[in-house]
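# Notes for the structure review
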Amino acid sequence: MVAFLIRRLIQAFIVMFVVSLIGFAIQSSLGDPLRELVGQSVSEQQRETLRDEMGLNDPFFTQYLRFGEKVLKGDLGTSYFFKQPALEVILNKLPATLELVFGAVMIISIFSIPLGVYTAIRPYNWVSRLVMGFSLIGISVPVFLTGILLTYLFAVELSWLPSFGRGETVVLFGSWETGYFTRDGLLHLLLPCITLASIMLPLFIRLIRAEMMEVLSLDYVKFAKSKGLSPLRIWLVHGLKNTMLPIITVGGMQIGTMVAYTIVTETIFQWPGMGFLFLEAVNRVDTPLIVAYLIVVGAIFVITNTLVDLIYGLVNPTVKLARQ
Amino acid sequence: MALLEVRNLEVSFRTREGIIKPLRDVSFTLNQGERLGIIGESGAGKSILAFAILNLLSRPGYISGGQVLFDNQDLATLSEKRLRSIRGSRVAMIFQDPMTTLNPVMTIGQQMIESLRAHRKISRKDARVIAIQKLKQVQIPSPATRIDQYPHELSGGMRQRVTIAIALLLDPLLIIADEPTTALDVTIQAEIISLLLDLCVSNNVGLVLITHDLCVLSQMTRRMIVMYAGRIVEQGPTKEIINDAQHPYTQGLINALPQLSIPGTELKQIPGAVPGLQHVPSGCAFNPRCEFSMDICTRVEPGFTCSGGCSVACHMVEELVNSMGEDL
């Protein structure tokens, strides 16, 4: 277990190094940060002095080393626009994004498992056909369209739900603003979470269904039937546990992907999270913020994947973490 | 008294090309404590017969005719709930590949205890005691520690012992073993066979042994059935059939066995292959591969003729028996 964690830590370090290198490398192609920083009135000579002061004229690796040194000290640079440490700016927006992703993951977990299992057990009845049909539509419609359609229907036409923002929030543990403890906050969460889940949910229903059907055709399920066990026990004890093993792995990776997906959802719903911030940063060529965002998202990926591997090892007896 | 009586059993599969019948007109009886072997090539319908006896066929297969009488109940028409109470407790099954018949994420003990608790009102603790005792019966060393292990921690032979222990848990009257030794090496095969044989004899358990191995079959059974393309072609005492097979197909099977006593002789094989179920030849299904095929064989499906202690489905044997009758 300890050996596994140490190995994972080394791997994570390498991944983060590569991410930071890539993130840092692209910033030179993102345009001139000075154009955004200073007005028209500043002369070319003054600009050049500013560039020298900011170290923008140094060779790439000198710049990267300087950057790397700072990163190791926890300093991801200062946002050009906010004039604040980039990491702080992003971490301020992190709760909003994580709450959005959490809501979507809850929706996916609550609906995909029963629907996937049901459509696997009764593949031919009309409910299953309906679920499968809708899931195909869900996968095919892009997130931005789903978001706009939901807003139009529930916010504009029916005025049941708010169309943008986080609504009323409560501060937890000093700094974490949450929308999960007020009615208004929950109402504001509903549409964005559904939108964010709209592609992953059908994907997972189909994944669980396919995996479950595969498992149900295996010998140990037939053997369980020949032992005279009840169908419920065969489905839920023999079938589901084996079905969920590969799903856990895929699901963990998708949580990272969803953090990235929030860019579109947050833009549609004016959600004050990281994704929305990132898009603004790109528009403003706020390179330290862009690089910091990439590093934070990279770190989230690494952390969720490590956690998923740990959980997988705990659930699957054939995996021994200590031996890896 | 007959323990199991199968009467004219027919199994159908609904496919896109129409209905196919992988099992037709299968009848046999098995007495209490009797051991019956069923042999045939792959695709002869042996495994389907094994599953059909317990009415465990999964879609698109179903029993489309005949009866499976066990203990005066017809398993072919019994309700699912009643069937469940018979499966595992009165009739148990052993599968071919012990690597895949045990659930990889459950311990041996969990898989044994759930079986006991599905049929008896019994505490986990008591069930565990019975499970350990059964593991001891199948000669698993240190059963009290083995019971908490997962299947991947056991060797193939060990796992098959575990599945046998699971089959014996509720003291069934009948065990259906579907090629129980095919996936094991020869030395372990011999151990498992003698173990299974001992347990069947000492507990007076009936056995339907499905195999394609004539040697295994001759060691374990008194009576045997030869199947071809979903039908029984020959049925009778094992010794008699192996010494003096009547049906050309059975003769072919026996002649195809390598003779260890005469090294260097070429193996005889039956020409051709088992027909696909969509294109079973008319008349006798074996006629295209049969060296004695006559005109009638391609037109009329042969009925059963009694010859000695055996019953054989072959026109040639029928004529032979009839002419002998005339001579007398």
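Residues numbered from 1 in each chain as written. Chains lettered and ligands numbered in written order. Predicted model: local features only at pLDDT ≥ 70, side-chain atom pairs only at ≥ 80, totals over all residues. Heavy atoms only, no water.

Broken down by element type, chain B carries 12 helices and 12 strands. Since a compact globule built from 328 residues should have a radius of gyration of about 20 Å, the 21 Å found for chain B is in line with a globular shape. Viewed in the frame of its principal axes, chain B has a C-alpha envelope of about 70 × 50 × 45 Å. Put simply, of all contacts in chain B between residues at least 6 apart along the chain, 63% involve residues at least 24 apart. Taken as a whole, chain B presents about 15,100 Å² of accessible surface, with 51% of it coming from carbon and sulfur. The distance from the centre of the 31 positive side-chain charges to the centre of the 32 negative ones in chain B is 12 Å. (Helix = DSSP H or I, 4+ residues; strand = E, 2+ residues; numbered from the N terminus. Rg over C-alpha atoms; globule rule 2.2 N^0.38 Å. Contact = heavy atoms within 4.5 Å. Areas by Shrake-Rupley, 256 points an atom, 1.4 Å probe, with all protein chains shown as cover. Lys, Arg positive; Asp, Glu negative; His and termini not counted. Charge placed at Lys NZ, Arg CZ, Asp CG, Glu CD.)

With that out of the way, let us pick up the sheet that holds strand β7 (residues 174–178) of chain B. Residues and elements named next belong to chain B. Taking strand neighbours across the sheet as the criterion, the eight strands line up as β6-β7-β8-β3-β9-β10-β12-β11 in an open arrangement whose pairing is mixed. Every interior strand has two partners, whereas the edge strands, β6 (91–94) and β11 (305–307), have only one. Each strand axis lies, on average, 20° off the axis of its neighbour in the sheet, ignoring direction. The sheet contact formed by strand β10 (residues 231–237) and strand β12 (residues 310–312) spans two bridges and is antiparallel. For Gln 235, the partnering residue across the bridge sits in β12 and is Ser 311. Sitting on the sheet, helix α7 (residues 156–168) is in contact with β6 and β7, with an inclination near 170° to β6. (Pairing = 2+ DSSP bridges. Axes fitted to C-alpha atoms, helices over the stretch in contact; angles between N-to-C directions.)

Opposite the 25 residues of chain B that make contact, chain A presents 21 residues. Of the roughly 2,100 Å² buried at the junction of chain B and chain A (both faces included), carbon and sulfur atoms supply 63%. Where chain B meets chain A, there are two salt bridges. In this structure, Lys227(A) engages Glu114(B) in a salt bridge whose closest nitrogen and oxygen atoms are separated by 3.0 Å. Along the contact surface separating chain B from chain A lie 10 residue pairs in polar contact (both at pLDDT 80 or more). It is helix α4 (residues 108–119) of chain B that provides the largest number of residues to the side of chain B that touches chain A, a total of five residues. (Buried area = accessible area lost by both parts, 1.4 Å probe. Salt bridge = Lys/Arg side-chain N within 4 Å of Asp/Glu carboxyl O. Polar contact = N/O pair within 3.5 Å; in protein donor to acceptor, adjacent residues only side chain to side chain.)

What follows is about the domain arrangement of chain A. Residue and element names in this part refer to chain A. Considered domain by domain, chain A is made up of domain 1 (2–72) and domain 2 (89–323). For domain 1 and domain 2, the distance between their C-alpha centres works out to 33 Å. At the junction of the two partners, domain 1 supplies 17 residues and domain 2 supplies 15 residues. Counting the surface lost from both domain 1 and domain 2, the interface buries some 1,500 Å², and carbon and sulfur atoms represent 77% of this. Taken together, the links from domain 1 to domain 2 amount to one salt bridge. Residue Arg 8 is joined to Asp 309 by a salt bridge in which the shortest nitrogen-to-oxygen separation is 2.5 Å. Applying the counting criterion to the domain 1 and domain 2 interface returns two residue pairs in polar contact (both at pLDDT 80 or more). Counting residues per element, the ones that place at least two in the side of domain 1 that touches domain 2 are α1 (2–26) and α2 (33–37). At 11 residues, α1 tops the list of elements feeding residues into the side of domain 1 that touches domain 2. (Domains from an automatic or database assignment.)

Once the charged atoms of two side chains with opposite charge are near each other, the side chains can pair. All names here are of chain B. The final tally for this structure, using the stated rule, is 19 salt bridges over all chains. One salt bridge connects Lys 21 with Glu 10, and the closest N-O pair in it is separated by 3.7 Å. Here Lys 21, found in strand β2 (residues 18–31), pairs with Glu 10, found in strand β1 (residues 2–15); they are 11 residues apart in sequence, far enough to count as distant. On the basis of relative accessible area, Lys 21 is assigned to the partly exposed category, the value being 34%. On the basis of relative accessible area, Glu 10 is assigned to the partly exposed category, the value being 21%. The network of salt bridges with common partners includes Arg 24, Asp 25, Arg 231 and Glu 301. (Buried < 20%, exposed > 50% of the residue type's maximum accessible area, 1.4 Å probe, protein only.)

Our next topic: the sheet that holds β1(B). Residue and element names in this part refer to chain B. Read across the open sheet, the four strands follow the order β2-β1-β4-β5; overall the sheet is antiparallel. If you trace the sheet from one side to the other, it starts and ends with β2 and β5 (73–74), each paired once. In this sheet, β2 lies alongside β1 in antiparallel orientation, the contact comprising nine bridges. Considered in β2, the bridge of Leu 9 is made with Val 26.

The subject of this paragraph is the nonpolar core. With 81 residues, the main nonpolar core has Leu4(B) and Ile176(B) as its most contacted residues. Top element by residues in this core is α7(B). It accounts for seven residues. Setting aside its immediate chain neighbours within four residues, Leu4(B) contacts Phe28(B), Thr29(B), Leu30(B), Ile53(B), Val68(B), Leu69(B), Phe70(B), Leu174(B) and Val208(B). Core analysis: the next-biggest nonpolar cluster, separate from the first, contains 58 residues, Ala197(A), Leu216(A), Leu229(A) and Ala281(A) among them. (Core = buried A, V, L, I, M, F, W, Y, C linked by side-chain atoms within 4.5 Å.)

Bringing the side chain of Thr163(B) into the picture now. Within the fold, Thr163(B) resides in helix α7. Looking at Thr163(B), its side chain comes within polar contact range of the side chain of Gln160(B), at 2.5 Å. When sequence neighbours within four positions are dropped, the list of residues in contact with Thr163(B) reads Phe223(A), Ile94(B), Thr101(B) and Leu102(B).

Moving on to the packing of helix α9 (residues 219–226) of chain A against helix α10 (residues 231–268) of chain A. Residues and elements named next belong to chain A. For the pair α9 and α10, the least separation of the axes is 11 Å and the interaxial angle reads 165°. In terms of their interaxial angle, α9 and α10 are classed as roughly antiparallel. Like other packed secondary-structure pairs, α9 and α10 cross with a definite hand, here right-handed. Residues Tyr 220, Val 221, Ala 224 and Lys 225 of α9 form the contact with α10, whose participating residues are Ile 234, His 238 and Asn 242. Split by residue class, the contact of α9 with α10 holds four nonpolar, two polar and one charged. (Parallel < 35°, antiparallel > 145°, perpendicular 65-115°, else oblique. Left-handed = near helix turned anticlockwise from the far one by under 90°. Nonpolar A, V, L, I, M, F, W, Y, C, P; charged D, E, K, R; others polar.)

Residue and element names in this part refer to chain A. Running from N to C, helix α11 (residues 274–283) and helix α12 (residues 287–315) cross one another at 150°; their axes reach a closest spacing of 9 Å. Considered as vectors, α11 and α12 are oriented roughly antiparallel to each other. α12 is crossed by α11, and the crossing has left-handed handedness. On the side of α11, the interface is formed by Met 274, Gly 275, Leu 277, Phe 278, Ala 281 and Val 282, while α12 contributes Leu 289, Ile 290, Tyr 293, Val 296, Val 297 and Ile 300. In terms of residue class, the contact of α11 with α12 is built from 11 nonpolar, one polar and no charged.

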